[in-house]
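Spelled out from the first residue to the last, the chains are:
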Amino acid sequence: MSNQTTSSTAGRSGFQLPRWAGSFGFQIIAALIVGLGLGLLAKYTGSTKTNPNGLGATLQTIGSSYVSLLQTAVVPLIFTAVVSSISNLREVSNAARLAWNTLLWFAITSLVAVLIGIGLGVLLQPGANTGIAGDAEYDGKQGDWWAFLIGLFPKNFLGLGASSTVTDSGAVTTSVSFNVLQILVIAIAVGVAALKVGKQAEPFLALNASALAVIQKVLWWIIRIAPLGTVGLIGNAVAVYGWDTIGSLGKFTVAIYIGLALVLFGVYPALVRSHGLSVRQYFSGAWPAIQLAFVSRSSIGTLPLTQRVTERNLGVPRGYASFAVPLGATTKMDGCAAIYPAVAAIFVAQFFGIQLDFSQYLLIALVSVLGSAATAGTTGAVVMLTLTLSTLGLPLAGVGLLLAIDPILDMGRTAVNVAGQALVPTIVAKRQGILDETLYNAPHTGEAFREEEAPAAVERELAVSKA
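The structure presented is a predicted model; accordingly, all values stated were derived computationally and were not measured. Along each chain, the written sequence defines residue order, and numbers are assigned to residues from 1. The predicted nature of this model means local features are confined to residues of pLDDT at least 70 and side-chain atom pairs, given and counted, to a pLDDT of 80 or more, with totals for whole chains, interfaces and linings taken over all residues. Water and hydrogen atoms play no part in the side-chain values, which are based on all heavy atoms of the structure.

**Looking at the overall build of the protein**
For step 1, the next point in the chain: Secondary structure elements are defined from DSSP: runs of H or I of at least 4 residues count as helices, runs of E of at least 2 residues count as strands, and each element is numbered from the N terminus. What the protein contains, in helices and strands, is 20 helices and 2 strands.
For step 2, the next point in the chain: Contact definition: two residues touch when any of their heavy atoms are within 4.5 Å. Counting contacts in the protein only where the partners sit at least 6 residues apart, residues at least 24 apart contribute 83% of the total.

Here's what the structure looks like:
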């Protein structure tokens, strides 16, 4: 008894970190601060994009390596997640109604976001009187509706492509790329086919579910080192672009972030409140995924965490969440495919002195709502922007003006994307009467990596499977 008391007293008297200090959210915030400081130090000690110093090169290596780790899991994750999400609809009652309502709310929230973007572009005039020379060039692919439609058809089963380049020394380097949109089409086709085949597809679906579990476990390990990746990503962004580049396009940057803030802290809370749910609980539940999205700049890379917080923190049944969240991670892009292309298109038109009429503003809204799949959860929104500009007949050279600050904008865009990907399944589940409000309203610790299932979650899954 005496020994136990002494041990307990010693444990209490010893130094212990507060519980919040060991949370994932605190680690991310701390990494942001450290990365910002190291980035500024690298910037003001002479590091540049073309000639980084030791610190700058280290930050660049850490950041790019972490992104590479995320991208490694993208192809198998998209395929297995989408196939699994479609197949899981067989376990949910009213599957067709849930799917239709999900797509409808995807479109509604995207339309609201793009209207906010258009309004800000017209009101703030981000492209007027910028003082920037308009001779930038963009040598990327030109996006148009025909190319977009052609791109839907896979060239091979995996949607992979290879390209070779010859260096100045005569060496040939070959790189492999993947078309996320084609992989999405393949996965949807396979998932629907598996549903139609029925019992004979059970072994395939079981194998796919096992593969998805393994891939997600690997991705959990990658996400676990997100604070380290955050230091590199944020530090490199600051070291390379600094405040000068942001300042030269400051009005545009401010317009984008005002739009993102209006959607994230205005539209989304209003939708949550209008469905009788607590705004505070929504943000505390979804915040771990929103934070990771901000630093990783990848909706697909954040997918496992988004799905976990949607199920465990927000109370969405797993059978439905496993359909809606992966679908949202590939097509639901309020930041990249709604606010950003709307403001950017107006910016380019104003920069080049082109007057837009009412029909062109309507076209911006139409392209943004229907063309969001073009972003497909990848880092950056250049494809969506080129699609919007070419559809409107605006100069694609305007894209080059915005590429320098794209990483800085992309952090906020992706955070809004992921917030919406967690929001829509929550409000649809609420509308359909399948949301576990007890779990939604339960205290959230902010730790999204616990392995055990809450009893309420288990009971919920049993109820859904029996429905």
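**A look at the packing of helix α10 (residues 250-274) against helix α18 (residues 406-431)**
For step 1, the next point in the chain: As a rule, the C-alpha atoms of each element are fitted with a line to give its axis, helices using only the stretch in contact, and angles between N-to-C directions run from 0 to 180 degrees. Contact geometry of α10 with α18 gives a least axis separation of 10 Å together with a crossing angle of 15 degrees. With respect to α18, the axis of α10 lies roughly parallel. You can see that α10 and α18 cross each other, and the crossing is left-handed. Where α10 abuts α18, its residues F252, T253, I256, Y257, L260, V263, L264, Y268, L271 and V272 lie against I408, L409, M411, G412, R413, V416, A419, G420, L423 and I427. Orientation labels follow simple angle bins: below 35 degrees gives roughly parallel, above 145 gives roughly antiparallel, 65 to 115 gives roughly perpendicular, and whatever is left gives oblique. Crossings are classed by handedness, with left-handed meaning an anticlockwise turn of the near helix from the far one by less than a right angle and right-handed meaning a clockwise turn.

**Observations regarding unusual backbone geometry**
For step 1, the next point in the chain: The backbone of Q125 shows a phi angle near 50 degrees, a positive value even though the residue is not glycine.
For step 2, the next point in the chain: For Q125, the position within the fold is in the loop between α5 (95-124) and α6 (145-150).

**So, the packing of α5 against helix α13 (residues 318-331)**
For step 1, the next point in the chain: Closest axis-to-axis distance for the α5/α13 pair is 11 Å, and the angle between their directions is 30 degrees. By the angle class used here, α5 and α13 are roughly parallel. The two elements α5 and α13 cross, and the hand of that crossing is right-handed. Residues L98, A99, T102, L103 and F106 of α5 form the contact with α13, whose own contacting residues are Y320, F323, A324, L327, G328 and T331.
For step 2, the next point in the chain: Split by residue class, the contact of α5 with α13 holds 8 nonpolar, 3 polar and no charged. Residue classes follow a fixed rule: Ala, Val, Leu, Ile, Met, Phe, Trp, Tyr, Cys and Pro count as nonpolar, while Asp, Glu, Lys and Arg count as charged, and any other residue, Gly among them, counts as polar.

**Section: the environment of T48**
For step 1, the next point in the chain: Relative to the helices and strands, T48 resides in the loop between α2 (24-43) and α3 (54-72).
For step 2, the next point in the chain: For the pair T48 and V240, spaced 192 residues apart in sequence, the C-alpha to C-alpha distance is 5.6 Å.

**Concerning the environment of A42**
For step 1, the next point in the chain: Positionally, A42 belongs in helix α2.
For step 2, the next point in the chain: As a C-alpha pair, A42 and G235 span 193 residues in sequence and 8.2 Å in three-dimensional space.
For step 3, the next point in the chain: In contact with A42, other than residues within four places in its own chain, are S47, N53, L55, G56, L59 and A239.

**Examining helix α12 (residues 299-312)**
For step 1, the next point in the chain: Here α12 contains 14 residues, and its C-alpha end-to-end distance of 19 Å stays within 8% of the 20 Å for a straight helix at 1.5 Å per residue.
For step 2, the next point in the chain: Along α12, the helix axis deviates most sharply at L305, where the bend reaches about 35 degrees.
For step 3, the next point in the chain: Accessible area is worked out with a 1.4 Å probe on protein chains only. A residue is then buried under 20% of its type maximum, exposed over 50%, and partly exposed in between. With 14 of 14 residues buried, α12 is to be regarded as a mostly interior element. Multiplying 1.5 Å by the residue count of a helix minus one yields the expected span of that helix. Two axes enter the definition of the bend at a residue: one is fitted to the seven residues ending there, the other to the seven starting there, and the bend is the angle between them.

**A few points about α18**
For step 1, the next point in the chain: Over its 26 residues, α18 runs 37 Å from end to end, which matches the ideal 38 Å to within 8%, given 1.5 Å per residue.
For step 2, the next point in the chain: For α18, a buried count of 24 out of 26 residues is recorded, marking the element as mostly surrounded by other parts of the structure.
For step 3, the next point in the chain: G433 lies just past α18 and shows a positive phi near 75 degrees.

Spatial relationships are all this shows, so hold off on functional conclusions.
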